[in-house]
Amino acid sequence: MKPAPFVHHAPRTVEEAVEVLGQVGHDGKVLAGGQSLIPILNMRLASPGHLVDINGVAGLDEVAVTADAVRVGALVRHARLERDDPAYAATPLLRRVLRHVAHPVIRNRGTTVGSIAHADPAGEMPAVLALTEGVVEVAGPRGRREIPCHDFFLGALETSLAPDELAVAVRFPLLGAHTGTAFAERARRHGDYALAGVAAAVTVDDGVVSSARLSFVSVTDVPGALDVTEAVRGQEPDEVDWSACDDLVRGHLAPEDDIHATAEYRAMLAARLAHLTLAEAAADAVALQAGSGPRHREHEAVGVPREGGPAA
Ligand code: FAD
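These numbers were taken from a predicted model, which means no experiment stands behind them.

Calculation criteria
Residues numbered from 1 in each chain as written. Predicted model: local features only at pLDDT ≥ 70, side-chain atom pairs only at ≥ 80, totals over all residues. Heavy atoms only, no water. Helix = DSSP H or I, 4+ residues; strand = E, 2+ residues; numbered from the N terminus. Contact = heavy atoms within 4.5 Å. Near = heavy atom within 4 Å. Polar contact = N/O pair within 3.5 Å; in protein donor to acceptor, adjacent residues only side chain to side chain. Areas by Shrake-Rupley, 256 points an atom, 1.4 Å probe, with all protein chains shown as cover. Domains from an automatic or database assignment. Buried area = accessible area lost by both parts, 1.4 Å probe. Salt bridge = Lys/Arg side-chain N within 4 Å of Asp/Glu carboxyl O. Buried < 20%, exposed > 50% of the residue type's maximum accessible area, 1.4 Å probe, protein only.

## Brief notes about the side chain of threonine 220
Locating threonine 220 in the fold gives a position in the loop between β13 (208-217) and β14 (225-227). What threonine 220 contacts, discounting residues up to four positions off in sequence, is Pro121, His252, Leu253 and Ala254.

## What about the site of the ligand?
In the region of the ligand, 30 residues are neighbours, and Val30, Gly34, Leu37, Thr111 and Glu124 sit closest. In the model, an oxygen atom of the ligand is placed 2.8 Å from a nitrogen or oxygen of the glycine 34 main chain. Leucine 37 places a polar main-chain atom, nitrogen or oxygen, 2.7 Å from an oxygen atom of the ligand. Within the complex, 89% of the 970 Å² of free accessible area of the ligand lies under protein. Per-element accounting of the shell around the ligand gives the leading share, five residues, to helix α7 (residues 112-118).

## Description of the domain arrangement of the chain
Accessible area lost upon the coming together of the parts is a frequently used measure of interface size. Taken domain by domain, the chain holds domain 1 (1-174) and domain 2 (179-292). Inter-centroid distance (C-alpha atoms) of domain 1 to domain 2 is 25 Å. Looking at the side of domain 1 facing domain 2, the largest losses of area belong to His100, Pro121 and Leu131, adding up to 31% of the total buried there. Across the domain 1-domain 2 interface, the total number found is two salt bridges.

## Describing helix α8 (residues 124-131)
With respect to burial, α8 is a largely interior element, eight of its eight residues being buried. Three or more residues of α8 are buried, namely Glu124, Met125, Pro126, Ala127, Val128, Leu129, Ala130 and Leu131. With its phi angle positive at about 55 degrees, glutamate 133 sits one or two positions after the end of α8.

Pasting the structure below:
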């Protein structure tokens, strides 16, 4: 199918983009990489009368590492951020996660900010923004504002962005030298949307766990973070029984059945991935404090049972 007819707008500045968005209101949609929006238009799941194409807008394609965050402009493609060495050194989790976002050809075009504005609970980058307690920078007819992620994600594909507002950047706060991170997901094929995915951040102070947080992919109805510190606080990183977090994790999840997996399987997978990523994030924190720097290895697919079968 082809999209319903629309008027294509090609603003050159943020101010022009916001002006058009203000004029067309609910009948307009921002077009960034188009990797989610164009399929939606082609299937006629939406038929906006106006597309505000921001690909020619100046000043939105920068990645900047500041003293307290990695700032990603609205035209930074997933692939660009994935390859950005300063961003990786500041927040290794970004590259670790971006490798799992779709397939390379989609990452070459899709934007990280677009993925966050799309607010799909099956998307990896909303989970990273939630885990890091990030911020979305917004421009609109009423001026600029910043939206903390817990106020940004309202539900599946639903955010607090007004129809006449443009997300100009997101900021992923730096987590500090005592906090390690990890990410793991399982999909039917690498690059497909995950059956379940988990990002973890564990802080180790004075040799014991002082904070542990998780966020999830494909098993909640809204992107958000879960603090599991109370289950593991004060324990030595290599002696923690991470299954103590299970009740908190299970209470947080809202998986659904679909043709790819049952809700029960997704919940079991998420719980197992939570153990794996928490343990790896704790080890990462210890390695960081020992001066080993960011580690490059990805998860091995060990110990995660396949649906209807024995452990892989
Ligand atoms: P667009 O498609 O242009 O826009 C998406 C939505 O966000 C639209 O509603 C648009 O109006 C809005 N929007 C975009 N930018 C802004 C902005 N700056 N301000 C306000 N609103 C904005 N994603 C994953 O996370 N994981 C996957 O495994 C995955 N697999 C995929 C597989 C396939 C086959 C395809 C086609 C896509 C997949 N994606 C996946 C989606 C991909 O990551 C998209 O790039 C991303 O979701 C949207 O980014 P975009 O720049 O393409 O946004």
